Amino acid sequence: MSFLSLTSIKKSFGPVQVVHDFNMNIEKGEFVSFLGPSGCGKTTVLRMIAGFETPTSGKIVINGKDQNALKPNQRNIGMVFQAYALFPNMNVHDNVAFGLKVAGTDKSEIDARVKQMLGLIKLEHLADRFPYQLSGGQQQRVALARAIAVKPQVLLLDEPLSALDAKIRVSLREEIRQIQQQLGITTVFVTHDQEEALSISDRIVVMNAGRADQIGTPFEIYNTPSTRFVASFVGTLSIIEGKVADPAAGAVTIGNQQIALKDPISGMKGGDSISLALRPEAGSIAEGAKGDTALAGEVVSTSFLGSVIRTRLRVGGDVISFDMFNNPGVAPPVSGDNVTLRFAAKDLLVIRE
Amino acid sequence: MKKIWSWGALVFGLLYFTLPLIGMTNFSLKMRRGEYSFDAYQKVFADPRFQETFTYSVMQALFTIIFGVLLVVPTAYWVRLKLPRLRPVIEFITLLPLVIPAIVIVFGYIRLYNTSSWLPLTGSLTGTNILLMFGYATLALPYMYRAVDTGLRTIDVATLTEAAQSLGAGWATILAKIILPNVLVAVLSGAFLTFAIVIGEFTMAALLNRPAFGPYMQLLGANRAYEPAALAVIAFGITWGCLGLIQLVSRFQKSAPPKA
Ligand SMILES: Nc1ncnc2c1ncn2[C@@H]1O[C@H](COP(=O)(O)OP(=O)(O)O)[C@@H](O)[C@H]1O
Ligand SMILES: [Mg+2]
């Protein structure tokens, strides 16, 4: 039995169903991310775990205990919000101490625990500050300390980094992950940022329109997306539309070019439409690039991202993105260039859904 | 040319407001023939009925404030949190005391709570005092509710509530430890307005026959010459003192941070 299990969760607001049959089992100490675009129901699922929303149907069990009848303040769940939600009338110490005070903990014990928490987030020196005297990143770390001070069964974070600037976002997510591993807290982390989810999660749930499209490790999600949605949302996979030319030979026509897939195409016949996906790092246009497959196209644009250069290439009716490492000795292609993209047939994924 | 007109209007307005005040203050200082003195004020302060009615009204004001805060803060909070669509309705209800004359309210009270009714509040002094306090709270409702509601707008009520709930807090703790401290400045300005209203109120106290400051002012005005003027200046001073305190606490709030 897993530590936190969500079984057949459905949720409707009036006539609108926003969560459809959501199932998920989370192990003790696991870090799971809900990844999906805005409005897909991530927050709603999180709020049902916290008890702020009641599922229309389905079951939420934490540590063997059915949560349905429990109020939010009886669940012992830590919550971190995008807007920090520190109590403006309390200083850092009192914010972190709040849950412990509510629980009636001894003063000496509270002080020790608060000190330990502030040590964990490296803000001992700011214990007397009020929230408005802290930067966004500091406020969010205090919010994290406040949530874990009460030793919650489960820690829920709802886009905790979205309001912060890029540099802090990266350093704080690593800090969150490190603290989570150190304390072994079962954690659900909601984000719409695929890089964030890939970098810190044990497992990711990719959500699409109220459903869990795919559940898997970052490695699985990135390398073997099971639906077109996952493929396009996670990583910057390019979707290429083609027509099956010869299923037995795995031959596909893209625009006026023909390529061969690694395997025969099962369950399709000649003339059927087929969607293929290619990861940006799978192809290259360099002289003498390796790869048994080639597609010619015209460069649409290039963007310089630092260590890599992302180039968009028009092939048939689609635009394929690919990345190459920055090389000071070689100028990147410019739009209008005609180039040949080479890649291995095995890197071309067939998207079934 | 335009400037002259606006300056003219300003001067006219100032004179319109200040001349009667100056005249009244001047008159209140003239009790002793031929020279200025504070005789009228001394007389007023020395009058045991002044002390008695003033103390009575101050006590009533304090109870009204406490009752008002206990009524309005949870209500305004609950409406913002759970019934946001009812806000216009509640706002309308809280405005009613502005359009219903106090005399109508108090007659209604007397009809409802007289000695032969199901809840004979007017049958005892304590009961009548409580009834009067309810009346004052009603009169102060528009101001108190608006002040608290405005205060609540400056904090993210829903998220703070959820943060507190997830930390195990119940409603009483949330109200006392999170909501009230964050709207305290708003509550204080509502309280000073309530104070000013209660100190000057006449109709309700007179009809319920309680020894309040308002009826005392009226009584004095009907029977004396200089003392009422002095009393009016004193009452005016109290009201302006309250307004000044509101300014002070709101400045205090401004020096506190904008909420992130
Ligand atoms: N209290 C609510 N009442 C009505 N609709 C809601 C409510 N909360 C969320 N929704 C709707 O449910 C859908 C999912 O919302 P949400 O869970 O917040 O998405 P996400 O967090 O993934 O952006 C959205 O379409 C949103 O408009
Ligand atoms: Mg959300």
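The structure this text deals with has already been given above.
Residues numbered from 1 in each chain as written. Chains lettered and ligands numbered in written order. Predicted model: local features only at pLDDT ≥ 70, side-chain atom pairs only at ≥ 80, totals over all residues. Heavy atoms only, no water.

Concerning the overall build of chain B
Item 1. In terms of helices and strands, chain B carries 12 helices and zero strands.
Item 2. Judged by the C-alpha coordinates and their principal axes, chain B covers about 75 × 65 × 30 Å.
Item 3. Counting all 260 residues of chain B, 41% fall into the buried class.
Item 4. Within chain B, residue pairs in contact and separated by at least 24 positions form 76% of the contacts whose partners lie at least 6 positions apart.
Item 5. Between the mean site of the 20 positive side-chain charges and the mean site of the 10 negative ones, chain B shows a separation of 7 Å. (Helix = DSSP H or I, 4+ residues; strand = E, 2+ residues; numbered from the N terminus. Buried < 20%, exposed > 50% of the residue type's maximum accessible area, 1.4 Å probe, protein only. Contact = heavy atoms within 4.5 Å. Lys, Arg positive; Asp, Glu negative; His and termini not counted. Charge placed at Lys NZ, Arg CZ, Asp CG, Glu CD.)

Here's the deal with the interface of chain A and chain B
Item 1. Opposite the 21 residues of chain A that make contact, chain B presents 21 residues.
Item 2. Taken together, the two surfaces of chain A and chain B that pack against each other cover about 1800 Å², and 70% of this comes from carbon and sulfur.
Item 3. Where chain A meets chain B, there are one salt bridge.
Item 4. Among the salt bridges present, the one from Glu162(B) reaches Arg47(A), with a minimum N-O distance of 2.8 Å.
Item 5. Put simply, chain A and chain B have four residue pairs in polar contact (both at pLDDT 80 or more) between them.
Item 6. Of all the elements in the fold, those that place two or more residues in the side of chain A that touches chain B are β6 (77–80), α2 (92–102) and α4 (136–149) of chain A. (Buried area = accessible area lost by both parts, 1.4 Å probe. Salt bridge = Lys/Arg side-chain N within 4 Å of Asp/Glu carboxyl O. Polar contact = N/O pair within 3.5 Å; in protein donor to acceptor, adjacent residues only side chain to side chain.)

A look at the site of ligand 1
Residue and element names in this part refer to chain A.
Item 1. Around ligand 1, the neighbouring residues are Phe13, Val18, Pro37, Ser38, Gly39, Cys40, Gly41, Lys42, Thr43 and Thr44.
Item 2. The separation between an oxygen atom of ligand 1 and a polar side-chain atom of Thr43 is 2.5 Å.
Item 3. When ligand 1 is considered free in solution it has 560 Å² of accessible area, and contact with the protein chains removes 56% of it.
Item 4. With three residues, helix α1 (residues 42–50) is the single largest residue contributor to the shell around ligand 1.
Item 5. Among the residues forming the shell around ligand 1, the class breakdown is four nonpolar, five polar and one charged. (Near = heavy atom within 4 Å. Areas by Shrake-Rupley, 256 points an atom, 1.4 Å probe, with all protein chains shown as cover. Nonpolar A, V, L, I, M, F, W, Y, C, P; charged D, E, K, R; others polar.)

Here we look at the packing of aromatic side chains
Residue and element names in this part refer to chain B.
Item 1. Considering all chains together, one arrives at 20 aromatic pairs over all chains under this definition.
Item 2. An angle of 80 degrees between the planes, with centres 5.1 Å apart, marks the rings of Trp78 and Trp171 as edge-to-face. Of this pair, Trp78 sits in helix α3 (residues 48–82) while Trp171 sits in helix α8 (residues 171–182), and the two are 93 residues apart along the sequence.
Item 3. Members of the aromatic cluster, connected to one another through ring pairs, are Phe45, Phe50, Phe54, Phe213 and Tyr216. (Phe/Tyr/Trp six-rings, centres within 6.5 Å; stacked < 30°, edge-to-face > 60°.)

Observations concerning the packing of α3(B) against helix α11 (residues 213–223) of chain B
All names here are of chain B.
Item 1. For the pair α3 and α11, interaxial distance at closest approach is 8 Å and the crossing angle is 150 degrees. Looking at the two axes, α3 sits roughly antiparallel to α11. Along its contact with α3, which presents Arg49, Phe50, Thr53, Phe54 and Ser57, the element α11 presents Phe213, Tyr216 and Leu219.
Item 2. Residue classes in the contact of α3 with α11 are distributed as five nonpolar, two polar and one charged. (Axes fitted to C-alpha atoms, helices over the stretch in contact; angles between N-to-C directions. Parallel < 35°, antiparallel > 145°, perpendicular 65-115°, else oblique.)

Brief notes about the environment of Ala345(A)
Residues and elements named next belong to chain A.
Item 1. By the element assignment, Ala345 lies in the loop between β18 (338–343) and β19 (349–351).
Item 2. Its relative accessible area of 9% is what places Ala345 among the buried residues.
Item 3. Excluding residues that lie within four positions of it along the chain, Ala345 makes contacts with Ala260, Leu261, Lys262, Asp292 and Thr293.

Some words on the sheet that holds β18(A)
Residues and elements named next belong to chain A.
Item 1. If you walk across this open sheet you meet the four strands as β17-β16-β15-β18, and the pairing is antiparallel. Among the strands making up the open sheet, the edge pair consists of β17 (318–325) and β18. Here the strands of the sheet are splayed against their neighbours by 50 degrees on average, with no regard to which way each runs.
Item 2. Two strands pair when backbone bridges link them, and strand β16 (residues 308–315) and β17 are joined in this way by eight bridges, in the antiparallel orientation. Within the sheet, the bridge partner assigned to Leu313 lies in β17 and is Ile320. (Pairing = 2+ DSSP bridges.)

Focus on the sheet that holds strand β4 (residues 57–62) of chain A
Residue and element names in this part refer to chain A.
Item 1. Strands sit in the order β2-β1-β4-β5 across an open sheet of four strands; the sheet is antiparallel. The open sheet has two edge strands with one neighbour each: β2 (16–26) and β5 (65–66).
Item 2. Running over the sheet, α1 touches β1 (4–13), β2 and β4 and is turned about 120 degrees from β1.

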